[in-house]
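So you can see what is in the structure, the chains are spelled out below.
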Amino acid sequence: GAAAAATHMGLWDFAPSLAAAEPPTVAKPTVRVVFIRPEEPVVVSWPGGNCDVAAQQALFTRILTEAAGPLEISLDIQAQPMSKPEEVAGLLAEIEKAPPDGLIVCAMELTLWTLVNQIVENRGDTPTIVYSNLSAFTAHLQCGRNTKKTFVAATQDAGWLASGLRML
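Residues numbered from 1 in each chain as written. Predicted model: local features only at pLDDT ≥ 70, side-chain atom pairs only at ≥ 80, totals over all residues. Heavy atoms only, no water.

**Details of unusual backbone geometry**
And step 1. Phi at Glu72 takes a positive value of approximately 55°, unusual for a residue other than glycine.
And step 2. Within the secondary structure, Glu72 sits in the loop between helix H3 (53-71) and strand E2 (74-77).
And step 3. One non-glycine residue, Lys149, lies in positive phi territory at about 60°.
And step 4. With respect to the helices, strands and loops of the structure, Lys149 is situated in the loop between strand E4 (128-132) and strand E5 (150-154). (Helix = DSSP H or I, 4+ residues; strand = E, 2+ residues; numbered from the N terminus.)

Written out as structure tokens, the structure reads:
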């Protein structure tokens, strides 16, 4: 009876105003992606001279881009690979100034793991995934083992990058 009276008196007329309200806008999380490798692969590069490193980077980029859409994640992919300490220092300065919500470091060259370590040790509080497709051995994978907000993934399954993006 009370509901019928409230309807008759127009007490339920607030519903259309609620339906017309704009939903709050929430910024998409941003994940930064970087590639650690020489611009031009060296012949002795692991996994070896028979690997098309540029194609491998393009595959990683495609997997991440396809996974980001449904997850509503904004990717900031740095296509230019890094192979010098000063390039990593520039990245770290940018992260310090404007930290992303997450960071994916694709380690694509065995001889450049010191740069990966430099990022992991100095990237502040940014949650980080280090992804190594084939460029690491047991000792290299220790870089983030005891570092908070760091996950090191070493797998030949490039599709795992989509899982890493979900983790972040």
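There's plenty left to go through after this.
**Re the pattern of salt bridges**
And step 1. On inspection of all chains with the given rule, the structure shows four salt bridges.
And step 2. Put simply, Asp76 and Arg32 hold a salt bridge, and the shortest N to O gap is 3.6 Å. Separated by 44 residues along the polypeptide, Asp76 in strand E2 and Arg32 in strand E1 (residues 30-36) bring together distant segments of the chain.
And step 3. With a shortest N-O distance of 2.7 Å, Glu94 and Arg32 are connected by a salt bridge. Placement of the pair is Glu94 in helix H4 (residues 85-97) and Arg32 in strand E1, with a sequence separation of 62 residues.
And step 4. The network of salt bridges with shared partners includes Arg32, Asp76 and Glu94. (Salt bridge = Lys/Arg side-chain N within 4 Å of Asp/Glu carboxyl O.)

**Comments concerning helix H5 (residues 113-122)**
And step 1. Turning to H5, its buried residues are Trp113, Leu115, Val116, Ile119 and Val120. Down the axis of H5, the buried set is contained in an arc of 155°. They therefore lie on one face. Opposite the buried face of H5, at more than 90 degrees from it, the exposed residues are Thr114 and Glu121.
And step 2. Summarising the contacts, the buried residues of H5 are in contact with E1, H4, strand E3 (102-107), E4 and E5. (Buried < 20%, exposed > 50% of the residue type's maximum accessible area, 1.4 Å probe, protein only. Arc of directions from axis to C-beta. Contact = heavy atoms within 4.5 Å.)

**Looking at the packing of aromatic side chains**
And step 1. Inspection of the entire model under this criterion finds three aromatic pairs.
And step 2. Ring geometry for Phe60 against Tyr131: centres 5.3 Å apart, planes inclined by 90°, an arrangement best described as edge-to-face. Remark: Tyr131 occurs in strand E4 and Phe60 occurs in helix H3; sequence separation between them is 71 residues. Residue Phe60 shares its accessibility class with Tyr131, and that shared class is buried.
And step 3. Look at Phe151 and Trp160: their rings are 5.8 Å apart centre to centre, the planes differ by 15°, and that puts the pair in the stacked class.
And step 4. Look at Phe151 and you get partly exposed, because its relative accessible area is 37%.
And step 5. For Trp160, a relative accessible area of 19% translates into the label buried.
And step 6. Through a chain of ring-to-ring contacts, three or more aromatic side chains come together here, namely Phe60, Tyr131, Phe151 and Trp160. (Phe/Tyr/Trp six-rings, centres within 6.5 Å; stacked < 30°, edge-to-face > 60°.)

**Focus: the packing of H4 against H5**
And step 1. Relative to each other, H4 and H5 sit at 20°, their axes nearing to 10 Å. The pairing of H4 with H5 is recorded here as roughly parallel in orientation. Once H4 is placed against H5, the crossing between them reads as right-handed. Note on element contacts: H5 touches H4 through Leu115, Gln118, Ile119 and Asn122, opposite Pro85, Val88, Ala89, Leu91 and Leu92.
And step 2. Considered class by class, the residues forming the contact of H4 with H5 number seven nonpolar, two polar and no charged. (Axes fitted to C-alpha atoms, helices over the stretch in contact; angles between N-to-C directions. Parallel < 35°, antiparallel > 145°, perpendicular 65-115°, else oblique. Left-handed = near helix turned anticlockwise from the far one by under 90°. Nonpolar A, V, L, I, M, F, W, Y, C, P; charged D, E, K, R; others polar.)

**Observations regarding the packing of H3 against helix H6 (residues 160-167)**
And step 1. Between H3 and H6, the least distance of the axes is 8 Å, while the angle of their chain directions is 40°. For the element pair H3 / H6, the angle class is oblique. Our pair here, H3 against H6, has a crossing hand that is right-handed. Across from Phe60, Ile63, Leu64, Ala67, Ala68 and Leu71 in H3, the residues of H6 making contact are Leu161, Ala162, Leu165 and Arg166.
And step 2. Here the contact of H3 with H6 is built from residues that sort into nine nonpolar, no polar and one charged.

Read these as geometric descriptors, not functional statements.
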